[in-house]
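For reference, the chains in residue letters:
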Amino acid sequence: MKFYEKLSSIGFLRNSYVFKFLFVAFIGIHIPLIGILFFVLYARADFSTTSLLLFSLVMTLIATVVTLIVLKKLIQPIELASKALNDYKLNRTVTRLPLNFSDEAGLLLSNIQNSILESEKFITEKQDLVYLLSHDLRTFASNPGSLATMILETNPSTEVKELAELICESSKDQFQYVENFIKMLKEHDDVLKTNLENKIIDLHKIVEVIEKQVNLAVKAKKIKLVKNIKTSIIHLKIDQELLTRVIFNLISNAIKFSFPDAEIHLNIYNDNKKLHIQVIDQGIGFDNADSEKLFFKFTKMSRLGTNKEASTGIGLYLSRQIIERNEGILVASSEGANKGATFTIVFSN
């Protein structure tokens, strides 16, 4: 940027990026000519045609190299702008760009800086507003349940008791939905902040954590979780916590849509330099033609589990967002209704 700054301090070059390029190119083109003139004027009188030709070639090569180097320095504002956009897109990192230039490149830097700041401000304000509304909704959702509990404590009639219990159950479901919504927002924030650098992932540790989390659900349905882990430590461009969330979500869904006394298989293996993570269940399945619809936000494919477990329709959407943002793929397949489902994560490594 120093060379660009120096050229910008020259009056007739200050307001035009094109003129800066033309100025550098003009100087570069005339370096060989100036060199030849000095050679002719100050060289010995008996110089040969061959020596003049060689000198011209050398001067032309030097001028070309110098011009290319200088032009490379001159495009640094464009490279800086591109890096700022890329950093914000991948890591949501706000870079402070210089705003004191008045040519086309300076205008580009200024517009990108303002766009990033406006976008960040909008995202922050939206998150604050949604979290505030979610907090209020959580309060409102719990109020009917509290009132219904107070009614139950008064030993009401059978009919009133049944209605109060229905209100309690409905309030509980609404409260859980709001909790899931808040969780979705936080997970989406984590996706935006993902840092795409290689990290050491301990797959055995991930599976241990998930087993503890699903232990009660597995026991309640008498489901057997069969693990086939053929690789343990691996380098991936994803946070271990995010990968844990995705696999947990896939296994939780498998439990939710599996019948009692069924098996769920978790397969982790390397194949053709790719890591495969598969969750296979023997549950209610789906029409394979609708496999992509499962990953839509608030999908209409959302269904109750085999024990009437609720589903928000956002878990698979977020899971795919996390995996794809970290350079992987997540796909689903099934042979049809009540024939189970397979969810596969693939990372290149």
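Refer to the preceding data block for the structure.
Attention in this report is confined to the structure presented alongside it. The structure presented is a predicted model; accordingly, all values stated were derived computationally and were not measured.

## Things to note about a nonpolar patch on the surface
(1) Moving on: Taken together, the side chains of Leu33, Ile34, Leu37, Phe38, Leu41 and Tyr42 make up a nonpolar region of the molecular surface, amounting to roughly 690 Å² of accessible area.
(2) Moving on: Along the chain, Leu41 turns up in helix 2 (residues 17–42).

## Remarks on the packing of aromatic side chains
(1) Moving on: The full count for this structure, using the stated rule, is 6 aromatic pairs.
(2) Moving on: A ring pair is formed by Tyr17 and Phe21, whose centres lie 5.3 Å apart and whose planes are at 75 degrees; its orientation type is edge-to-face. Taken as a pair, Tyr17 and Phe21 lie in helix 2 at a separation of 4 residues, close to a single helical turn.
(3) Moving on: Under the relative-accessibility criterion, Tyr17 is labelled buried at 10%.
(4) Moving on: Looking at Phe21, the relative accessible area reads 28%, which means it is partly exposed.
(5) Moving on: Centre to centre, the rings of Phe286 and Phe343 are 6.5 Å apart; their planes meet at 55 degrees, and the pair counts as tilted. In this pair, Phe286 is assigned in the loop between strand 5 (274–281) and helix 9 (315–325) and Phe343 in strand 7 (residues 341–348), connecting sequence segments 57 residues apart.
(6) Moving on: A residue is classified by how much of its surface remains accessible, and Phe343, at 8% relative accessible area, is buried.

## What about the packing of helix 8 (residues 240–256) against helix 9?
The relative placement of two packed helices comes down to the angle between their axes together with the axis-to-axis distance.
(1) Moving on: Where helix 8 meets helix 9, the axes come as close as 10 Å, and the angle between the chain directions of the two elements is 145 degrees. Here the hand of the crossing between helix 8 and helix 9 comes out left-handed. Of the residues in helix 9, those in contact with Leu242, Leu243, Val246, Asn249, Leu250 and Asn253 of helix 8 are Gly315, Leu316, Ser319, Ile322 and Ile323.
(2) Moving on: Partitioned by chemical class, the residues of the contact of helix 8 with helix 9 number 7 nonpolar, 4 polar and no charged.

## A closer look at the sheet that holds strand 7
(1) Moving on: Read from one edge to the other, the open sheet built from 5 strands follows the order 2-4-5-7-6, with strand pairing classed as mixed. At either margin of the open sheet sits one strand with a lone partner, and together these are strand 2 (224–229) and strand 6 (328–333). Averaged over all pairs of adjacent strands, the angle between strand axes in this sheet comes to 10 degrees, irrespective of strand direction.
(2) Moving on: Where strand 4 (residues 263–271) lies against strand 5, 7 bridges are found, and the strand directions are antiparallel. Its bridge partner being in strand 5, Leu266 is matched across the sheet by Val279.
(3) Moving on: Taken strand by strand, helix 7 (residues 203–221) contacts strand 2, strand 4 and strand 5, and its axis lies near 175 degrees from that of strand 2.

Quick notes on the rules
Residues numbered from 1 in each chain as written. Predicted model: local features only at pLDDT ≥ 70, side-chain atom pairs only at ≥ 80, totals over all residues. Heavy atoms only, no water. Patch = residues over 30% accessible without salt bridge, like charges linked within 9 Å, V, L, I, M, F, W, Y side chains within 5 Å. Areas by Shrake-Rupley, 256 points an atom, 1.4 Å probe, with all protein chains shown as cover. Salt bridge = Lys/Arg side-chain N within 4 Å of Asp/Glu carboxyl O. Helix = DSSP H or I, 4+ residues; strand = E, 2+ residues; numbered from the N terminus. Phe/Tyr/Trp six-rings, centres within 6.5 Å; stacked < 30°, edge-to-face > 60°. Buried < 20%, exposed > 50% of the residue type's maximum accessible area, 1.4 Å probe, protein only. Axes fitted to C-alpha atoms, helices over the stretch in contact; angles between N-to-C directions. Left-handed = near helix turned anticlockwise from the far one by under 90°. Contact = heavy atoms within 4.5 Å. Nonpolar A, V, L, I, M, F, W, Y, C, P; charged D, E, K, R; others polar. Pairing = 2+ DSSP bridges.

Keep in mind these values describe shape, not function.
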